[in-house]
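Residues per chain are reported as follows:
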Amino acid sequence: MSLCCPHLTSYNMNKFSFFLVTFICLNIYSSDNSFSGSTAEGCGESSDWYDQVTGQFNTGAGCGALASLTSGSDNSAFGASALYSNTEGSGNSAFGSYALYFNTTGNYNTASGNLALYSNTTGDRNTASGYRALFNNTTGNGNTATGDRALTSNTTGYNNTASSTQALYNNTTGNNNTATGTRALLNNTTGSNNTASG
């Protein structure tokens, strides 16, 4: 089945304005396999995972999105290679190229931005919004990073909150830190229970 939406583009040339209407279409696939409600749109073999998984209600759009999926459910991946390595993880959302790329069994993570939560493998309930936010996180849980490269060095630290560009940038294993503002707590690496604003 194909789902098409109109796209309106305006042009101004020689004091004249005109509009061009084009249609953007997605091919939506379904299967008679044991799972239900999953869709895929990609390139070549990477869009064929919907014939091979037992999970339910997965959506993938982009070359390599959800390419390794086996039994995970309720995942959404939009962007080239988003959630590429995910096999059994469920409830994850990835928006952007290579977002949550190495996630395998981590659950309930949300990554918005290119390379956000890129290295996450089994970490759960992390939220990353921004380019390379929580980039190096592997098994850390419950972290929130909002901003370009916020918490980018975090690996196993948990329950950290970073809001703004490069906040908690060098944190690796520190826990329960809160940083609000550009480069707040920039040089914290392993310290815990710190709060910085500004």
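Residues numbered from 1 in each chain as written. Predicted model: local features only at pLDDT ≥ 70, side-chain atom pairs only at ≥ 80, totals over all residues. Heavy atoms only, no water.

Peer 1: Looking at this structure, how should I read unusual backbone geometry?
Peer 2: A negative phi angle characterises most non-glycine residues, just as the trans form characterises most peptide bonds. Although it is not a glycine, Leu 117 adopts a positive phi angle of roughly 50°. Taking relative accessible area as the criterion, Leu 117 reaches 0% and is therefore assigned buried. Of note in the backbone geometry, Gln 166 takes a positive phi value of approximately 60° without being a glycine. For Gln 166, the location among the structural elements is in the loop between β10 (161-163) and β11 (178-180). Among the residues examined, Gln 166 registers a relative accessible area of 13% and is labelled buried. (Buried < 20%, exposed > 50% of the residue type's maximum accessible area, 1.4 Å probe, protein only. Helix = DSSP H or I, 4+ residues; strand = E, 2+ residues; numbered from the N terminus.)

Peer 1: Sorry, what's going on with the packing of aromatic side chains here?
Peer 2: Under the criterion given, the structure shown has seven aromatic pairs. Consider the rings of Tyr 98 and Tyr 101, whose centres lie 5.7 Å apart with planes at 45°: the pair is tilted. Each ring, one from Phe 102 and one from Tyr 118, has its centre 5.2 Å from the other, and the planes form 85°; the classification is edge-to-face. Linking Phe 102 in the loop between β6 (93-95) and β7 (110-112) with Tyr 118 in the loop between β7 and β8 (127-129), this pair joins segments that are 16 residues apart in sequence. Since its relative accessible area comes to 35%, Phe 102 is described here as partly exposed. (Phe/Tyr/Trp six-rings, centres within 6.5 Å; stacked < 30°, edge-to-face > 60°.)

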